Amino acid sequence: MKRQKPLIAISSCLLGENIRYNGGHCRENWIYSELSKFVDFHPVCPELAMGLGVPREEIHLFRTTRKDNEVKLRSKFTKEELTQTAYITYESIEDDLKNLDIDGHIFTRKSPTCGPDNVKTITLDDPNYVNKSTGLYAGFIMDQFPNLPYIDNGRIKNIELRENFVKKIFSHFRFKQLNGTMRDLQLFHQMHKYAIMEHNQENMRTLGRIAANHEGLSAQKVYQIYFKLFMETISILPTRKNRLNACYHVFGYFKNDLGAGEKKALLNLMEDYQNGVSNYLTINSFLNVLTEAHQKAYLQDQYIFEPYPKELKLLKDIA
Ligand code: SF4
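What you see is a predicted model; the values in this text were computed from it and never measured.

**Quick notes on the domain arrangement of the protein**
Here comes step 1: Partitioning the protein into domains gives domain 1 (7–157), domain 2 (159–234) and domain 3 (240–317).
Here comes step 2: Domain 2 puts 16 residues into the contact, and the matching count from domain 3 is 15 residues.
Here comes step 3: For the side of domain 2 that touches domain 3, the secondary structure elements donating two or more residues are α5 (159–176) and α6 (182–197).
Here comes step 4: At 7 residues, α5 tops the list of elements feeding residues into the side of domain 2 that touches domain 3.
Here comes step 5: Across the side of domain 2 that touches domain 3, the residue classes break down as 7 nonpolar, 4 polar and 5 charged.

Okay, here's the thing in structure tokens:
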């Protein structure tokens, strides 16, 4: 049965479970109270899955020497090497996540296990040398699921990064619902045309050529190539200039429908947005209203207007 909502793997402590080494949690309220209404969560605690209890001895990342590229994991005081056990556990979690076909992952920042970057890493032969690396589990997942949207509980507080992450997980979810035919992929591309243009117009065109498949590649191959570039493209944060460009393209559909006064009002709105006087939601909503008023079927299907449930109220804070 097809899923009704995106499924997001998440470090369990972010949902308020008391499973941190000290018996505490780090619940992230927006995730817990808002995002949870629109997605399903699959909580994961790799340290518990490794058999470490609660409370437990703290663990940390280390290198043997400054030149050593390999980052390992051990308990902080008893210095028990945990790297191998960790990787065996991660492989089993990976199998679960693949079977579940997740649409994203939310990690806990700075954790030696779940932190996607900036995790304190000591050097055994030079105690004064401390640098930063990726938590062992987060790095493993990012390697195994290269197109998967992810974020941590620090970045999710930033509204632009939060909005982009949510757009990515819903886009990922929609892509995974496709039936594997070229027709379905072409429809997907058509409906995301302006949503992609907000990120990069050139890539939008390239994606259109990939979906058109003039080379006659197998549908499976085309899906693979398209998906990789699609996810890379929508990971580029939209600039005001690119959002405006997409809006001008949408505006083009109303050339013959609007009177001079209406056109001027709309252009003034766009100018206000360009100059930072109004926000993006104003112009996006206005174009959406026009789309409905003039029954523009092609635009009614466009995900530029609602790339995720509007009740998440994300666009209102986007500059
Ligand atoms: S950060 Fe990761 S390993 Fe640590 S408690 Fe949270 S889920 Fe478990």
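**Things to note about helix α7 (residues 201–212)**
Here comes step 1: For α7, built from 12 residues, the straight-helix expectation of 16 Å at 1.5 Å per residue is met to within 8% by its first-to-last C-alpha distance of 17 Å.
Here comes step 2: Elements that come into contact with the buried residues of α7 comprise α6 and α8 (219–234).
Here comes step 3: Positioned one or two residues after α7, Asn-213 has a phi angle of 55°, which is positive.

**Quick look at the environment of Leu-148**
Here comes step 1: Looking at where Leu-148 falls in the secondary structure, it is placed in the loop between α4 (136–144) and β8 (150–152).
Here comes step 2: A residue is classified by how many C-beta atoms lie within 10 Å of it, and Leu-148, with 19 of them, is partly exposed.
Here comes step 3: If we ignore the near neighbours within four places in the chain, the residues touching Leu-148 are Gly-104 and His-105.

**Topic: the sheet that holds strand β7 (residues 130–133)**
Here comes step 1: Strands sit in the order β4-β3-β6-β7 across an open sheet of 4 strands; the sheet is mixed. Strands with a single pairing partner mark the edges of an open sheet, and in this sheet they are β4 (72–75) and β7. The average angle at which neighbouring strand axes cross in this sheet is 50°, direction not considered.
Here comes step 2: Pairing between strand β6 (residues 119–123) and β7: 4 bridges, direction antiparallel. Bridging across to β7, Val-119 finds its partner in Ser-133.

Rules of the game
- Residues numbered from 1 in each chain as written.
- Predicted model: local features only at pLDDT ≥ 70, side-chain atom pairs only at ≥ 80, totals over all residues.
- Domains from an automatic or database assignment.
- Contact = placed C-beta atoms within 7 Å.
- Helix = DSSP H or I, 4+ residues; strand = E, 2+ residues; numbered from the N terminus.
- Nonpolar A, V, L, I, M, F, W, Y, C, P; charged D, E, K, R; others polar.
- Expected span 1.5 Å × (residues − 1).
- Buried ≥ 20, exposed ≤ 12 C-beta atoms within 10 Å, placed from the backbone.
- Pairing = 2+ DSSP bridges.
- Axes fitted to C-alpha atoms, helices over the stretch in contact; angles between N-to-C directions.

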